[in-house]
Amino acid sequence: MPALSTSVAEARRHVVQRLGSWGIDQDTRDSAELIVSELFTNAVRHTSSEDVRCSLQLIGTRLRLEVADQGCARTVPEARSVSADQEGGRGLMLVEAMSEAWGVRPNQGGAGRAVWAYLAI
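Notes on the structure follow. Quantities reported herein were computed from a predicted structural model and do not represent experimental measurements. (Residues numbered from 1 in each chain as written. Predicted model: local features only at pLDDT ≥ 70, side-chain atom pairs only at ≥ 80, totals over all residues. Heavy atoms only, no water.)

It is worth spelling out the packing of helix H2 (residues 26-46) against helix H3 (residues 91-98) at this point. Direction vectors running N to C along H2 and H3 enclose 145 degrees, while the axes themselves pass 9 Å from each other. Crossing angle aside, the handedness with which H2 passes H3 is left-handed. Contacts between H2 and H3 involve Ser31, Leu34, Ile35, Glu38, Leu39 and Asn42 on the former and, on the latter, Gly91, Leu92, Leu94, Val95 and Met98. Looking at the contact of H2 with H3, its residues break down into seven nonpolar, three polar and one charged. (Axes fitted to C-alpha atoms, helices over the stretch in contact; angles between N-to-C directions. Helix = DSSP H or I, 4+ residues; strand = E, 2+ residues; numbered from the N terminus. Left-handed = near helix turned anticlockwise from the far one by under 90°. Contact = heavy atoms within 4.5 Å. Nonpolar A, V, L, I, M, F, W, Y, C, P; charged D, E, K, R; others polar.)

Following this line, the structure appears as structure tokens:
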């Protein structure tokens, strides 16, 4: 999808629809929707990507979510503590809290990176 803020809602819709078609329970769909929203938003805001790719994969009793960008962000995504009066910066803390595991890997195409998370089903 294009790396635009308007694509975040479209990515969420696609995730919820696909997981619904797979028969995934509502709680897992809700968690996946939030995680994809956070990861996609970060890819749009913090990279110089033209496109962002979102993928879903069922692996046994786990769901793997991945958002890959093409961009050259200056830092590696990491959860960080923020003060109570800061408006943003909590996205990866939410991803960390909601997922069994999450991480970052280089994008297969060479440029950019992919951020992934696992949810129990």
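Within the largest apolar cluster, 23 residues are counted, with the highest numbers of intra-cluster contacts made by Ala32, Ile35, Leu39, Phe40, Val52, Leu65 and Val95. Counting only elements with at least two residues in this core, the list comes to helix H1 (6-21), H2, strand S2 (62-69), H3 and strand S4 (113-120). Considering each element in turn, this core owes the most residues, seven residues, to H2. Setting aside its immediate chain neighbours within four residues, Leu65 contacts Ala32, Ile35, Val36, Ser55, Leu56, Val115, Trp116, Ala117 and Leu119. (Core = buried A, V, L, I, M, F, W, Y, C linked by side-chain atoms within 4.5 Å. Buried < 20%, exposed > 50% of the residue type's maximum accessible area, 1.4 Å probe, protein only.)

For the coordinates displayed, the defined rule picks out four salt bridges. Between Arg64 and Glu66 there is a salt bridge, and its shortest N-O distance comes to 2.6 Å. For the pair Arg64 and Glu66, a shared accessibility class is recorded, and that class is buried. Ionic pairing is found between Glu66 and Arg105, a salt bridge with its closest N-O pair at 2.7 Å. Here Arg105 lies in strand S3 (residues 101-106) and Glu66 lies in strand S2, a separation of 39 residues in the sequence. Each member of the pair, Glu66 as well as Arg105, carries the same accessibility label: buried. Each of Arg53, Arg64, Glu66 and Arg105 takes part in salt bridges that share partners, so that together they form one network. (Salt bridge = Lys/Arg side-chain N within 4 Å of Asp/Glu carboxyl O.)

Moving on to the sheet that holds S2. Note on sheets: strands pair through backbone hydrogen bonds, and any given pair is parallel or antiparallel. With antiparallel pairing, four strands are arranged side by side in an open sheet as S1-S2-S4-S3. Looking at the sheet topology across the chains shown, the edges are occupied by strand S1 (52-59) and S3. Sheet twist, expressed as the average angle between the axes of neighbouring strands with direction ignored, equals 20 degrees. When S3 meets S4, the two strands line up antiparallel, connected through six bridges. Across the sheet, Trp102 pairs through a bridge with Ala117, a residue of S4. Across the sheet, H2 is in contact with S1, S2 and S4; its angle to S2 comes to roughly 15 degrees. (Pairing = 2+ DSSP bridges.)

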